[in-house]
Amino acid sequence: MSPSITTSSEANGNVSAATARAAASAAATVEASGPQAVTMAKALNTALADAMHADPSVLVFGEDVGLLGGVFRITDGLTKTFGEQRCFDTPLAESGIVGMAVGMAMNGMRPVVEMQFDAFAYPAFQQIVSHVAKMHNRTRGTVKLPMVIRVPYAGGIGGVEHHCDSSESYYAHTAGLKVFTPATVADAYRMLREAIDSDDPVMFMEPKKLYWSKDLVDLDDLRAQHSLNVEAGTSSEGRAAVARSGTDATLIAYGPSVPTALAAAAAAAEEGRSLEVIDVRSIVPFDDETVCASVRKTGRAVVIAEAHGFASVSSEIVARVQERCFHHLAAPIRRVTGFDVPYPAPKLEHYYLPGVDRILDAVDDLQWEN
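Residues numbered from 1 in each chain as written. Predicted model: local features only at pLDDT ≥ 70, side-chain atom pairs only at ≥ 80, totals over all residues. Heavy atoms only, no water.

Asker: What exactly am I supposed to notice about unusual backbone geometry here?
Answerer: Apart from glycine, the bulk of residues carry a negative phi angle, and the bulk of peptide bonds sit in the trans form. Following Val284, the chain continues to Pro285 via a peptide bond in cis, the omega torsion being 0°. Here Pro285 shows up in the loop between strand E12 (282-284) and helix H12 (288-298). A positive phi angle, close to 55°, is found at Arg140, a residue other than glycine. Relative to the helices and strands, Arg140 is located in the loop between helix H7 (135-138) and strand E5 (148-153). A residue is classified by how much of its surface remains accessible, and Arg140, at 81% relative accessible area, is exposed. Here the phi dihedral of His162 falls at roughly 75°; this positive angle occurs in a residue that is not glycine. Relative to the helices and strands, His162 is located in the loop between E5 and helix H8 (168-172). Residue class for His162 comes out partly exposed when judged on its relative accessible area of 44%. (Helix = DSSP H or I, 4+ residues; strand = E, 2+ residues; numbered from the N terminus. Buried < 20%, exposed > 50% of the residue type's maximum accessible area, 1.4 Å probe, protein only.)

Take a look at the structure:
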């Protein structure tokens, strides 16, 4: 644990020598310009470092996030660069981690905490639901909680029980929380910066199996885009993205299911069927406009998610689309989700997770006239 924490007034006023050294170090280690192959883990790490460099009130803490750099190395190097006052380890006590973050956020800091694994966050659930989500409303808007809770979630890594839960529905159901989940490297950077900038609490759901995925991205360009958005007061927050254009049916996915949906669309194209893929990106707030525009165009939809299907985010998406697109639908909306059972043993997870074949079977079931 850090021996002391910089107060809000100190953070926003006199930048410490350690912060100045961190800025110099960051400037000296800026990546080469132009597109490079970057992992999602690197993009998240860079987003944290850039946010800490830009705003001395941003703190990072959690279990093993300091010297170890996090179990997935997302916080690697932050303690060395910014010091133990800015990035530090905590006891194994998720409720205490979130509770401390609440106090810091109430007093002008911008804490970013890591839950290490999805199911590890459950001991902090009472704090999240009773305090994080409700403080702004409880105080009639006088107290804001600009904090981010990072949750590595979902499966696909061969993890055991309590390491592969898809817990997004719990948070999406809780009024007062924003829920983001990136599916691309660029979005990992872009959305984490926006989450840290937000004056509202954000549950930032990171798909573990995508940490090592790579895309060609220009980190300098992403930094510049973020700066321009801040100056203009704009952002991509709450907006879905068309990940692949199509005309015959819409695949709606988020987080870890987006690459699977894209693979299914590519396989369908070989069979002569054009599938559009929508990356939800922001579960809360939800972008009805983009999602429904796609479904109205194609007339058919399949929602894909790793989480259990019953009472889930996928259920909500189906309901929202059906209510808004009923007269445009040529067939009932289908879902491809994890089965309604506890997450299976590692050797069985490939049966549980939505795959290309299950998605294509659902597409074939969309009442095609031919």
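Next comes the rest of the write-up.
Asker: Explanation requested: the sheet that holds strand E13 (residues 301-308) in the structure shown.
Answerer: Strand pairing in a sheet takes place through backbone hydrogen bonds and is either antiparallel or parallel in direction. Ordered by their spatial adjacency, five strands build an open sheet running E9-E11-E10-E13-E14, and the pairing between neighbours is mixed. Lying at the two open borders of the sheet, with one neighbouring strand each, are strand E9 (241-244) and strand E14 (334-338). If you compare each strand with its neighbour and ignore which way they point, the axes differ by 25° on average. Sheet topology note: the strand E10 (residues 249-253)/strand E11 (residues 275-279) ladder contains five bridges and is parallel. When the sheet's bridge partners are listed, Ala249 is paired in E11 with Leu275. Strands in contact with helix H15 (residues 356-364) are E10, E11, E13 and E14; relative to E14, the strand with the most contacts, it is inclined by about 160°. (Pairing = 2+ DSSP bridges. Axes fitted to C-alpha atoms, helices over the stretch in contact; angles between N-to-C directions. Contact = heavy atoms within 4.5 Å.)

Asker: Would you take a moment to explain the pattern of salt bridges for this structure?
Answerer: Between side chains of opposite charge, a pair can form as their charged atoms come close. In the structure shown here, the tally under the stated rule is 22 salt bridges. In this structure, the salt-bridge partner of Arg223 is Asp50, at a minimum N-O distance of 2.7 Å. With Arg223 in helix H10 (residues 219-232) and Asp50 in helix H3 (residues 40-54), this pair connects stretches of sequence that are 173 residues apart. Here Arg223 matches Asp50 in class, with each residue buried. Lys208 serves as the salt-bridge partner of Asp118, at 2.6 Å between the closest nitrogen and oxygen. One end of the pair, Asp118, is in the loop between strand E4 (110-114) and helix H6 (125-132); the other, Lys208, is in the loop between strand E7 (202-207) and strand E8 (214-217), and 90 residues separate them in sequence. Side by side, Asp118 and Lys208 carry an identical accessibility label, which is buried. Here the salt bridges do not stand alone but share partners, grouping Asp288, Glu316, Arg320, Glu323 and Arg324 into one network. (Salt bridge = Lys/Arg side-chain N within 4 Å of Asp/Glu carboxyl O.)

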